[in-house]
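Residue strings, one per chain:
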Amino acid sequence: MSADPTYGFDTLQIHAGARPDPATGARQVPIYQTTAYVFRDADHAAALFNLQEVGYIYSRLTNPTVAALQERIATLEGGTGAVCCSSGHAAQIMALFPLMGPGMNVVASSRLYGGTVTQFSQTIKRFGWSATFVDFDDHDAVKAAIDDNTRAVFCEAIANPGGHITDLDAISAITDNAGIPLIVDNTSATPYLCRPIEHGATLVVHSTTKYLTGNGTVTGGCVVDSGKFDWAANDKFPSLSEPEPAYHGLKFAETFGPLAFTFHSIAIGLRDLGMTMNPQAAHYTLMGIETLSLRMERHVENAMKVAKWLEDDPRTDYVTYAGLDSSPYSKLVPKICPKGAGALFTVAVKGGYDSCVKLVDSLEIFSHVANLGDTRSLIIHSASTTHRQLTAEQQEAAGAGPGIVRLSIGIEDADDLIADLDQALAKATA
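Here we summarise the structure given alongside this text.

Definitions and limits used
- Residues numbered from 1 in each chain as written.
- Predicted model: local features only at pLDDT ≥ 70, side-chain atom pairs only at ≥ 80, totals over all residues.
- Heavy atoms only, no water.
- Helix = DSSP H or I, 4+ residues; strand = E, 2+ residues; numbered from the N terminus.
- Expected span 1.5 Å × (residues − 1).
- Buried < 20%, exposed > 50% of the residue type's maximum accessible area, 1.4 Å probe, protein only.
- Arc of directions from axis to C-beta.
- Contact = heavy atoms within 4.5 Å.
- Pairing = 2+ DSSP bridges.
- Axes fitted to C-alpha atoms, helices over the stretch in contact; angles between N-to-C directions.
- Parallel < 35°, antiparallel > 145°, perpendicular 65-115°, else oblique.
- Left-handed = near helix turned anticlockwise from the far one by under 90°.
- Nonpolar A, V, L, I, M, F, W, Y, C, P; charged D, E, K, R; others polar.
- Salt bridge = Lys/Arg side-chain N within 4 Å of Asp/Glu carboxyl O.
- Phe/Tyr/Trp six-rings, centres within 6.5 Å; stacked < 30°, edge-to-face > 60°.
- Lys NZ or Arg CZ within 6 Å of the ring centre and 35° of its normal.
- Core = buried A, V, L, I, M, F, W, Y, C linked by side-chain atoms within 4.5 Å.

Another point: helix H17 (residues 414–428). An ideal rise of 1.5 Å per residue puts 21 Å on 15 residues; H17 measures up with 21 Å between its terminal C-alpha atoms. Taken residue by residue, H17 has Ala-414, Leu-417, Ile-418, Asp-420, Leu-421, Ala-424, Leu-425 and Ala-428 as its buried positions. An end-on view of H17 places all buried positions within 160 degrees of arc, on one side of the element. Turning to H17, the residues buried within the fold contact helix H13 (292–312), strand E8 (316–319), strand E9 (344–349) and helix H15 (352–362).

See below:
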């Protein structure tokens, strides 16, 4: 089926990228569990390796099941192309890889998933890259952090763990003025709640492990290319604008135009980094996306009900859910996330660290896991787990202090979730 823009989201989440299998007529996308593909002849093989023809060579680079998922996610996000990979963390490196070089930096939000903060503050130093962390509510600070060596700006649409909403329109205006791409992690929102490209994002990254798959079965990541950035407008992005030695001087921006980033990520990124998504993972995620809108509606409905109850409970100090009228981000929700503020937020529990640990251990329906976006409701004490590697200052900046737990509200009966929290809070704050 073609990605007709007149089709609604509910139709596209089922049909985009999915066509009856030409060999068998199979209606569901088959799992093409193969490492390699037979070439028609020597000329066909040469054309594929020269990037003169699009096709399948080796499953580290391309696979029909993964290709169907890439087309579906790109369609839902309003992008021109997408590249799937092995995890959300892999997607972040894949997004930065064509842009960065030794001595270059990325300006990143201080409100990011703890693993992302560690990856950006520590691991990317091994590549000679660096990151500057800024409060993205302070737009002047974001402007000031960008210098001549900045090659990207990175944030989350709905921040993990606090559920804070980023004003993507304001941030994209800054990056447009600076002539650099804006990368938005849309994992917590999904394209059903937020479409960052419509707010000026250049690239959108996902941990498909979370809401897109929705059932906690497989890991995966994706980078969606808006196709709207002119990589040849200046000399900041030579990997995309200058001759590529491995392909006899081919210039990706010149040759592939709006798909330059996508082709580079496959032909060089997956070729050399090898962060490949396996076809079975792609299959699970394709099936998960078929019910994305239905799940997200229930996630949001439940999150609002649970957050309101927690906010009114005297055993909590505050709740960070952006859907609440008390949230400083509530006015951004209609603009950035018009269908709801997601289902991820934090709760400050009276009694601090010890009460948080007791709460986690006393819950019965909520699962204590290092994940989010599952159909099941999940909880974690970020300061002792996902954000443990950060300094106390970084934990506070990320909204993951010692007296805070993160909730990922699932699609169960909301009254059952409230009852479970009620009995656990009674034990935790006794």
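Next, the rest of the story.
Attention shifts here to the pairing of strand E12 (residues 404–408). The buried fraction of E12 amounts to five of the five residues, a majority that puts the element mostly inside the structure. Neither face of E12 is open: one carries Ile-404, Arg-406 and Ser-408, the other Val-405 and Leu-407, and all of them are buried. Relative to E12, E9 runs antiparallel, the two sharing five bridges. Paired with Leu-344 across the bridge in E12 is Ser-408.

Picture the strands of a sheet paired through backbone hydrogen bonds; they go either parallel or antiparallel. Strand order in the open sheet formed by five strands is E8-E9-E12-E11-E10, with mixed pairing between adjacent strands. The sheet is open, and its two borders are formed by E8 and strand E10 (367–368), each paired with just one other strand. Examined bridge by bridge, E8 and E9 share three bridges and lie antiparallel to one another. Each bridged residue has a counterpart across the sheet, and for Thr-316 the counterpart in E9 is Val-349.

With that settled, consider the packing of helix H4 (residues 88–96) against helix H5 (residues 114–121). The geometry of H4 relative to H5 is characterised by a closest axis approach of 11 Å and an angle of 40 degrees between their N-to-C directions. On the basis of their axis angle, the class for H4 and H5 is oblique. The element H4 and its partner H5 pack so that their crossing is right-handed. Contact residues: His-89, Gln-92, Ile-93 and Leu-96 in H4; Gly-115, Thr-116, Gln-119 and Phe-120 in H5. Of the residues in the contact of H4 with H5, the class split is three nonpolar, five polar and no charged.

Our next topic: the pattern of salt bridges. Tallying each qualifying case throughout the model produces 13 salt bridges. In this structure, Arg-19 and Glu-71 form a salt bridge, with 2.8 Å as the shortest nitrogen-oxygen distance. Here Arg-19, found in the loop between helix H1 (9–15) and helix H2 (42–49), pairs with Glu-71, found in helix H3 (residues 64–77); they are 52 residues apart in sequence, far enough to count as distant. Residue Glu-71 is classed as partly exposed on the basis of its relative accessible area of 26%. Between Asp-422 and Arg-315 there is a salt bridge, and its shortest N-O distance comes to 2.6 Å. With a gap of 107 residues between them, Asp-422 in helix H17 and Arg-315 in the loop between H13 and E8 connect regions that are remote in the sequence. Owing to a relative accessible area of 18%, Arg-315 belongs among the buried residues under this scheme. The network of salt bridges with shared partners includes Arg-111, Asp-135 and Asp-137.

As summarised here, the arrangement of the seven strands in space is E1-E7-E6-E5-E4-E2-E3, forming an open sheet in which the pairing is mixed. At either end of the open sheet lies a strand with only one pairing partner, and these are strand E1 (81–85) and strand E3 (130–134). Mean inter-strand twist for the sheet, computed between neighbouring axes without regard to direction, equals 20 degrees. Across three bridges, strand E5 (residues 182–185) lies against strand E6 (residues 203–207) in parallel orientation. Each residue of the ladder has a partner; that of Ile-183, found in E6, is Leu-203.

This part is about the environment of Gly-78. Counting through the fold element by element, Gly-78 comes out in the loop between H3 and E1. Using a relative accessible area of 33% as the deciding quantity, one classes Gly-78 as partly exposed. Sequence spacing of Gly-78 and Ile-418 is 340 residues, and the spatial spacing of their C-alpha atoms is 37 Å. Contacts of Gly-78, omitting those with residues within four sequence positions, involve Arg-195 and Ile-197.

Here the focus is the packing of aromatic side chains. Inspection of every chain in the model, using the stated rule, returns 13 aromatic pairs. With centroids separated by 5.3 Å and ring planes inclined at 85 degrees, the aromatic side chains of Trp-231 and Phe-237 adopt a geometry described as edge-to-face. Each member of the pair Trp-231 and Phe-237 is classed as buried. Ring pairing ties together the aromatic residues Phe-229, Trp-231, Phe-237 and Phe-261, which thus form one cluster. Between the NZ or CZ atom of Lys-339 and the centre of the ring of Phe-9, over which it lies, the distance is 5.7 Å.

Our next topic: the nonpolar core. With 85 residues, the main nonpolar core has Ile-165, Leu-310, Tyr-321, Phe-345, Leu-359 and Ile-409 as its most contacted residues. Sorting elements by how many residues they give to this core places H13 first, with seven residues. Among the nonpolar cores identified, the runner-up in size contains 45 residues, and Leu-51, Phe-120, Tyr-247 and Ala-253 belong to it.

A few words now on the side chain of Ser-241. When you line up the elements, Ser-241 lands in helix H9 (residues 238–241). When near neighbours in sequence (up to four residues on either side) are disregarded, Ser-241 contacts Trp-231, Ala-232, Asn-234, Lys-251 and Ala-253.

We now examine the environment of Val-66. With respect to the helices and strands, Val-66 occurs in helix H3. Separated by 212 residues in the primary sequence, Val-66 and Asn-278 place their C-alpha atoms 7.5 Å from one another. Those residues in contact with Val-66, other than ones at most four positions away along the chain, are Cys-84, Met-277, Asn-278, Pro-279 and Ala-282.

With that out of the way, let us pick up the pairing of strand E7 (residues 221–225). In terms of residue burial, E7 counts as a mostly covered element, since five of its five residues are buried. What you see with E7 is no split at all: Gly-221, Val-223 and Asp-225 on one side and Cys-222 and Val-224 on the other are buried throughout. Here E1 pairs with E7 via five bridges, running antiparallel. The partner of Val-83 across the bridge, within E7, is Val-223.

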